[in-house]
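Here's the letter readout for the chains.
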Amino acid sequence: MPELPEVETTRRGVAPHVIGRRIARLTVYDPRLRWPVPADLSERVKGRTIDAIDRRSKYLLFRLGADTLLMHFGMTGSLRVYHDPPPRRAHDHVDIELSDGALLRYHDPRRFGAMLWLPAAKESHALLADLGPEPFDAAFDAGYLWKTLRKRTAAIKLALMDSRVVVGVGNIYASEALFRAKIRPTTPANKVSKVRLAKLVAAVREVLDDAITHGGSTLRDYVDVGGRPGAAQFRHFVYGREGKPCRVCRTPIKMRRQGARASFYCPACQR
Ligand SMILES: [Zn+2]
């Protein structure tokens, strides 16, 4: 599933090829994504210039003047730029042709992604309304986390994965960040001290930053090349390593279910 680092990598990969270009034509081959692609989307974007691409959580926001084209990749969505487009493959659902001949192509086998229109008049879309701060924002700090979590008895890992607390920290990144901060994933959120929350904030940024940097090494995958890029190449300390020795202390890594997800931790390093 594309997580924040993959979406940010896509944004950085695609941006230089589309910013400042005009949309010549948007063609929807299959509107049946998580929500139907609006029937009038082609008409609305035609002739508009892409001024910027922003990211909020895992949403890509194409800024067309005051209006926004919102894109989400769901479970299996991806976006590529082609300068010499190959024939359409199965699951290529939307093509956006740019004035200079480049093509942005949205591919999504499972169709849980989204492509929606946010007119300027509608300041905040329901999808974006309840989102917590971005992990790299100054607003996401130990003081904020402490205030937000002080009455929450849920496990710290589940709190960290709650997009109302902070956006973009998926299962892998939550496990890895808690390892780096030496916090056991099952610790009640309100029992983690401010000092440790400060470590956790730093750890969250580190793991996401690492993943974006690794994604960056596959940036070319977003242009003219098939195949899925991976932030996954980044070296996990705990995730998926049940029974293997901790990379720090050699204690076997443990796995435990939390909610519907697997949590991995080192019983010696994480207290
Ligand atoms: Zn360890």
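Above this note sits the structure.
Residues numbered from 1 in each chain as written. Predicted model: local features only at pLDDT ≥ 70, side-chain atom pairs only at ≥ 80, totals over all residues. Heavy atoms only, no water.

1. Regarding the environment of P31
What counts here: Helix and strand assignments come from DSSP, with helices taken as H or I runs of at least 4 residues and strands as E runs of at least 2, each series counted from the N terminus. We call two residues in contact when some of their heavy atoms are within 4.5 Å.
With respect to the helices, strands and loops of the structure, P31 is situated in the loop between β1 (23–28) and α2 (41–45). On a C-alpha basis, the gap between P31 and R111 in space is 9.3 Å, while along the polypeptide they are 80 residues apart. Contacts of P31, omitting those with residues within four sequence positions, involve P36 and V37.

2. A short note on the coordination of the zinc ion
Just so we agree on the cut-off: Any N, O or S atom lying within 2.8 Å of the metal counts as a donor, with the limit raised to 3.2 Å for Na, K and Ca; because water is left out of the atom set, some sites can appear incomplete. In these descriptions, tetrahedral denotes four donors with every angle between 85 and 135 degrees, square planar four donors and octahedral six donors with opposite donors over 155 degrees apart and the rest between 65 and 115, and irregular any other case. Under the scheme applied here, a residue whose accessible area is under 20% of the maximum for its type counts as buried, over 50% as exposed, and between as partly exposed, the area being computed with a 1.4 Å probe on protein chains only.
Bound to the zinc ion are the protein donor atoms C246 (SG), C249 (SG), C266 (SG) and C269 (SG), situated 2.2 to 2.4 Å from the metal. Coordination at the zinc ion is tetrahedral: its four donor atoms span angles of 100 to 113 degrees at the metal. The sequence motif formed by the donor residues of the zinc ion is C-x2-C-x16-C-x2-C. With C246 in the loop between α7 (194–216) and β9 (254–258) and C269 in the segment after β10 (261–265), the pair connects residues that are 23 residues apart, well separated along the chain. In this structure C246 comes out as buried when scored by relative accessible area, which is 0%.

3. What to know about the nonpolar core
Defined as follows: Buried residues of nine kinds, namely Ala, Val, Leu, Ile, Met, Phe, Trp, Tyr and Cys, make up a nonpolar core once their side-chain atoms join them within 4.5 Å.
Ranked by internal contacts, the top residues of the largest apolar core, which has 28 residues, are F62, M71, L79, I96 and M115. In terms of residues, this core owes the most to one element, helix α1 (residues 4–18), which gives four residues. Those residues in contact with M71 that lie beyond four places of it in its chain are K58, Y59, L60, F62, L79, I96, Y106, A114 and M115. Ranked by size, the runner-up nonpolar core spans 26 residues in total, among them A159, V169, L197 and V207.

4. Remarks on the side chain of K157
The condition that has to hold: Note that His is not counted, nor are the chain ends; the positive residues are Lys and Arg, and the negative ones are Asp and Glu. Only one rule defines a salt bridge in this text: a Lys or Arg side-chain nitrogen within 4 Å of an Asp or Glu carboxyl oxygen. In protein, a polar contact requires one atom able to donate a hydrogen and another able to accept it; more generally it is a pair of N or O atoms within 3.5 Å, and residues adjacent in sequence count only if both atoms are side-chain atoms.
Looking at the element boundaries, K157 is found in helix α5 (residues 156–160). For the buried K157, no salt bridge is present, and the opposite-charge side chain at shortest range is E176, 10 Å distant. Within the local environment of K157, its side chain forms a polar contact with the side chain of S263, the two groups lying 2.8 Å apart. Residues in contact with K157, not counting those within four places in the same chain, are N171, A174, S175, L178, P185, Q258, R261, A262 and S263.

5. What about unusual backbone geometry?
Non-glycine residue H91 carries a positive phi angle of around 75 degrees. Locating H91 in the fold gives a position in the loop between β5 (78–82) and β6 (92–98). Looking at H91, the relative accessible area reads 38%, which means it is partly exposed. Residues other than glycine seldom take positive phi values, yet K182 does so here, at roughly 60 degrees. Inspection of the secondary structure puts K182 in the loop between α6 (171–180) and α7.

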